[in-house]
Amino acid sequence: KAVVSTQSTGILSNSFIGHRLHGDTFYMNGLYNGYTTTCHRARIPCHFPYVDDPAVDYTLDCKNATYTVSGANFEQVFYAHSVLNRVFVTEISVHSGVVNLTSHAGAPSTDLNIISKEKISHGPEGQGTKVNVFGAEIKDPETKTSPKLTIWNLTSDFPATLDSGTYLFISSFASTHDEALSFYDRALQYYTDKTLLSSHQDSWSYVWKTINIDLDDKELAKTVKSSLFYLLSSFPQCALKIPELENYPFQFFGVSPGSLGNGGDNNDYWGHVFWDQDFWMLPGVMLLFPELVKESIKYRIAMLPGARIKAKERGYKGAMYPWESGRTGIDVCPGAIYANHQQHITACVNYAIRQYVYVTGSWDIVSTDGAWDVVNESANFWLSRVEWDGNNFVINNVMDPDEYHSDVNNSCFTNAAARLNLLFAVEAAERLGKIPDPRWAAVAQEKNGLKIPFDETLRYHPEFDGYTQGTVIKQASVVMLGYPLGSPMDDDVRKNDIEVYAKCTDKGPGMTYSMYCIGMLELDELATAENFFQVQFQNLRDPFRIWNEYPTYLGCTNFLTAIGGFLQSLLFGYLGLRVFEKKLQVKPFLLPKCTGVTYTGMQYCGERFNFEVKKDKFTVCRTTGNAFQLWQIEKDGQKWPLVTNKPVSLDLGQYEITMADGYELVY
């Protein structure tokens, strides 16, 4: 119940269209304007009506994915329709008197050349309503050979005032006039059938019934639910193929750090796709809905030609994914220092593919959907990138996640991630019946393979060759060797890495402290882990729990990367999940200030598992079942069968969920 600003308002998105509430802009999936390094999301003016009278209440309903503004005599509800994903809707109820409407279109878009702007009468003869038709094309395509993308937006016309009654206003978006019109008409038909709002709610009901995280700390619960809402609404729900709901697929162009509601010229990373998607957002989403993650991997597969171009331009083999990409996959990063040196993204793209294979238990994405080319050509890139120094293979002249240091040699994180990329290429080749390049394993071997800097005296990993302990860093880097990369090390080294770098992290971006938290939970250092867990919330903004990149209103708004880190601190930190090809490890701890936490619908190898964590005990329940498979949870040689819908209660500790001996994965 406060006056809201566009910096603190929520985002409504269905991954095809996005809108920062109370703002003057819509953005559309894959619609960019600007040649190469000037590429950014093309601004579509918001031709939608907002009630212009004083409001007393603003409500973001994450359960139903709606936003409501209420005044003394009116209520206005907004939603980005999750089934009719080219449609944005507002419904206005006027209880008495008159309300005023206003346009939020703002200034004309500098990204678009208008090709059509007219008002038409649409609908049955004699009953037609006025519809504003806006057609435009971008001014500058991403490459010289790219076509000029078009946008068609049909929006219900609106008067200056409304009397008592209920009113519907629709805005549809598409790349062609006919598609925009067809979705406008579908929305009208849904409304006539009284299913426009209910179908949208049914879609989200399916999501929340399938997965959830429930806890009894009210404030933390709000943060968890809003974070899940913002992140999941950035992926195409059509990929879930929800029963009894219509399905309208489209080509998905990835998730940018600021979501689809942000990303204009020189704002919120221009709407580009970074490693943030693959390394920070996807790991948590993968355990909830791997189908959504597949859409992002398909984006990376489609962008492979751009990665080949970048490798060739830099004199390397294979595929070198650009630090920032848009619609075509070419490098659109406006900062040369980042474009030249941020190379770990190639390994992070492969990390996401690897984890997807392990979570789903299926190699189809690699064998039949095109990811093998990504894995193979990325491994070949690293082969052409390494040099031999007489003792080890080295990778020089890079910038690792710590962007305060560029052009360094042997970044711990970059080399460890590249090593994992190479090992996965060997594994994938063998699974597909191919002969792996023997150089992949040679470069990836622990002895005389890729150099991972290590100080034997101080028992920690210097961030790169020549790093001086205590030098300020921007964000989590070395700490991620233990998790997510899973590099083997002794506990004292793991602890030293966390303590050394936590002391010199310069108020890092919102996702940073999730990694310190996870690391300390691995070591059973609960008090320190809780401190790191709480630090995350300095980047949170009320009233709608928007995550910012930095603790003040600086950087990217609605920073999904921070949400991804936060979700990882829940699932891989306090629930303690670790994903392997043939086992799911779990080591749960109770979240701070909670007496019980329930994690619903964690997916692994086609099965879903619920976990309920208490102070000293936890319960695991397999909620789906295949009669040809028997699952079990085990610890220290003791095994408990996981029969469908039969909970098993255990003491807290580290366990492994596996398929019982003699059974094979069946789809």
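Residues numbered from 1 in each chain as written. Predicted model: local features only at pLDDT ≥ 70, side-chain atom pairs only at ≥ 80, totals over all residues. Heavy atoms only, no water.

K.L.:
How should I be thinking about the overall build of the protein in this particular structure?
P.N.:
A tally of regular secondary structure across the protein gives 16 helices and 30 strands. Expected size for 667 residues packed as a compact globule is a radius of gyration near 26 Å; at 25 Å, the protein falls within 12% of this value. The principal-axis extent of the C-alpha atoms belonging to the protein is close to 80 × 60 × 50 Å. For the protein, buried positions account for 62% of its 667 residues. A separation threshold of at least 6 residues defines the contact pool for the protein, and within that pool the share at least 24 residues apart is 65%. Roughly 25,000 Å² of accessible area belongs to the protein as shown, and the carbon and sulfur atoms make up 49% of that amount. For the protein, the distance from the average position of its 57 positive side-chain charges to the average position of its 75 negative side-chain charges is 1 Å. (Helix = DSSP H or I, 4+ residues; strand = E, 2+ residues; numbered from the N terminus. Rg over C-alpha atoms; globule rule 2.2 N^0.38 Å. Buried < 20%, exposed > 50% of the residue type's maximum accessible area, 1.4 Å probe, protein only. Contact = heavy atoms within 4.5 Å. Areas by Shrake-Rupley, 256 points an atom, 1.4 Å probe, with all protein chains shown as cover. Lys, Arg positive; Asp, Glu negative; His and termini not counted. Charge placed at Lys NZ, Arg CZ, Asp CG, Glu CD.)

K.L.:
Got a minute to help me understand the packing of aromatic side chains in this structure?
P.N.:
Think of a pair of aromatic rings as described by two things: how far the centres are apart, and how the planes are tilted against each other in angle. In the structure shown here, the tally under the stated rule is 46 aromatic pairs. Summarising the aromatic geometry, the rings of F48 and F88 are spaced 5.3 Å apart at their centres and angled 75° between planes, so their arrangement reads as edge-to-face. Taken as a pair, F48 in strand β6 (residues 44-51) and F88 in strand β10 (residues 87-94) lie far apart in primary sequence, 40 residues in all. With relative accessibility at 1%, the residue F48 sits in the buried group. Ring pairs connect the aromatic residues Y269, F274, W275, F279, W280, W323, Y351 and F413, which therefore count as one cluster. Residue placement shows R86 over the ring face of F16; its charged tip is 5.0 Å from the ring centre. One residue, K635, lies across the ring of Y655, its end atom 5.3 Å from the ring centre. (Phe/Tyr/Trp six-rings, centres within 6.5 Å; stacked < 30°, edge-to-face > 60°. Lys NZ or Arg CZ within 6 Å of the ring centre and 35° of its normal.)

K.L.:
I would appreciate a short explanation of empty space enclosed by the protein in the present structure.
P.N.:
The method is simple in principle: a probe with the dimensions of a water molecule rolls over the atoms, and the space it marks as empty is what remains. In this structure the tally under the stated criterion is five cavities of 30 Å³ or more. Here the largest cavity is characterised by a volume of approximately 100 Å³. Around the largest cavity, the lining comprises 16 residues; the ones closest to its centre are S13, N14, A80, S82 and W204. Mapped onto the lining of the largest cavity, the elements with two or more residues apiece are β1 (11-13), α2 (196-210) and α3 (218-232). Broken down by class, the residue content of the lining of the largest cavity amounts to nine nonpolar, seven polar and no charged. (1 Å grid on protein atoms, 1.4 Å probe; cavity = no way out; pocket = protein on both sides within 12 Å on 5 of 7 lines; lining within 4 Å. Points joined across faces, edges and corners; volume = space filled by probe spheres on them. Nonpolar A, V, L, I, M, F, W, Y, C, P; charged D, E, K, R; others polar.)

K.L.:
Help me understand the packing of helix α4 (residues 275-288) against helix α16 (residues 560-574), please; the structure alone is not making it clear to me.
P.N.:
Each pair of packed helices gets described by two things: the angle between the helix axes and the distance between those axes. Closest axis-to-axis distance for the α4/α16 pair is 8 Å, and the angle between their directions is 45°. The angle between α4 and α16 places the two elements in the oblique class. Crossing hand, α4 versus α16: left-handed. Along the contact surface, α4 presents D276, F279, W280, M281, P283, G284, V285, L287 and L288, while α16 presents L560, T561, G564, G565, L567, Q568, L571 and F572. (Axes fitted to C-alpha atoms, helices over the stretch in contact; angles between N-to-C directions. Parallel < 35°, antiparallel > 145°, perpendicular 65-115°, else oblique. Left-handed = near helix turned anticlockwise from the far one by under 90°.)

K.L.:
What exactly am I supposed to notice about the environment of A660 here?
P.N.:
One can find A660 in the segment after β30 (655-659). Residue class for A660 comes out buried when judged on its relative accessible area of 8%. For A660 and L642, which are 18 residues apart along the polypeptide, the C-alpha to C-alpha distance reads 9.6 Å. In contact with A660, other than residues within four places in its own chain, are L630, W631 and Q632.

K.L.:
How should I be thinking about the environment of R186 in this particular structure?
P.N.:
Relative to the helices and strands, R186 is located in helix α1 (residues 177-192). Owing to a relative accessible area of 29%, R186 belongs among the partly exposed residues under this scheme. Discounting chain neighbours no more than four positions away, the residues touching R186 are L84 and Y248.

K.L.:
Would you take a moment to explain the side chain of N33 for this structure?
P.N.:
Position of N33 relative to the elements: it lies in strand β4 (residues 32-33). Residue N33 is classed as buried on the basis of its relative accessible area of 4%. A polar contact of 3.3 Å, which involves the side chain of N33, links it to the side chain of D111. Among the polar contacts made by the side chain of N33, one reaches the main-chain amide nitrogen of K139 at a distance of 3.0 Å. (Polar contact = N/O pair within 3.5 Å; in protein donor to acceptor, adjacent residues only side chain to side chain.)

K.L.:
Please clarify how the sheet that holds β6 should be interpreted in this entry.
P.N.:
The pairing of strands in a sheet happens through backbone hydrogen bonds and is either parallel or antiparallel. The six strands are arranged β1-β2-β3-β6-β11-β15 in an open sheet whose pairing can be described as antiparallel. Two strands lie at the open edges of the sheet, namely β1 and β15 (161-162), each paired on one side alone. Taken together, the two bridges between strand β11 (residues 99-104) and β15 define a ladder with antiparallel strand orientation. When the bridges of β15 are listed, N100 appears paired with T161. (Pairing = 2+ DSSP bridges.)

K.L.:
It is not clear to me how helix α14 (residues 512-522) should be interpreted in this structure. Could you clarify?
P.N.:
For an α-helix, the turn length of 3.6 residues means that residues three or four places apart are oriented alike. The buried fraction of α14 is high, at ten of eleven residues. In the segment just after α14, D524 is the residue with positive phi, at about 65°.

K.L.:
How do you make sense of the nonpolar core when you look at a structure like this?
P.N.:
One recurring pattern in soluble globular proteins is that nonpolar side chains are buried together. Within the largest apolar cluster, 217 residues are counted, with the highest numbers of intra-cluster contacts made by I213, W275, L591, Y599 and F611. It is helix α11 (residues 412-431) that contributes the most residues to this core, twelve residues altogether. In this view, Y599 contacts N212, I213, L570, L571, Y574, L575, L591, F609, N610, F611 and V613; residues no more than four positions away in its chain are not counted. (Core = buried A, V, L, I, M, F, W, Y, C linked by side-chain atoms within 4.5 Å.)

K.L.:
Is there a simple way to explain the side chain of N558 in this structure?
P.N.:
Looking at where N558 falls in the secondary structure, it is placed in the loop between β21 (546-547) and α16. Residue N558 is classed as buried on the basis of its relative accessible area of 1%. In contact with N558, not counting residues within four places along its chain, are I11, Y230, P257, G258, S259, N262, I546 and W547.

K.L.:
Whenever I open this one, the sheet that holds strand β24 (residues 597-604) confuses me. Can you help?
P.N.:
Taken together, the five strands give an open sheet; going across it, the order is β17-β24-β25-β26-β29, and neighbouring strands pair in antiparallel fashion. Across the chains shown, the open sheet's two edge strands, defined by having one partner strand only, are β17 (212-215) and β29 (648-651). Between one strand and the next, the sheet's axes are offset by a mean angle of 20°, whatever the strand orientation. Two strands pair when backbone bridges link them, and strand β25 (residues 607-613) and strand β26 (residues 617-622) are joined in this way by five bridges, in the antiparallel orientation.

K.L.:
Looking at this structure, I do not really get the packing of helix α10 (residues 371-385) against α11. What am I missing?
P.N.:
The interhelical angle for the contact between α10 and α11, taken along N-to-C directions, is 130°, at an axis separation of 9 Å. Classified by the interaxial angle, the pair formed by α10 and α11 is oblique. With respect to the hand of their crossing, α10 and α11 are arranged in left-handed fashion. Residues W372, V375, S378, A379 and W382 of α10 form the contact with α11, whose own contacting residues are T414, A418, N421, L422, F424, A425, A428 and A429. Across the contact of α10 with α11, the residue classes tally to ten nonpolar, three polar and no charged.

K.L.:
I would appreciate a short explanation of the pairing of strand β7 (residues 55-61) in the present structure.
P.N.:
For a regular strand, side chains alternate in direction, first toward one face of the sheet and then toward the other. Here β7 pairs with strand β8 (residues 66-71) via six bridges, running antiparallel. In the strand pairing of β8, T59 is matched with T68.

K.L.:
Just checking my understanding: could you explain the pairing of β6 for this structure?
P.N.:
Of all eight residues in β6, eight are buried, a share of seventy percent or more. Direction of pairing for strand β3 (residues 25-28) relative to β6: antiparallel, over a ladder of two bridges. Within the sheet, the bridge partner assigned to T25 lies in β6 and is P45. Here β6 runs beside β11; their pairing, made up of four bridges, is antiparallel.

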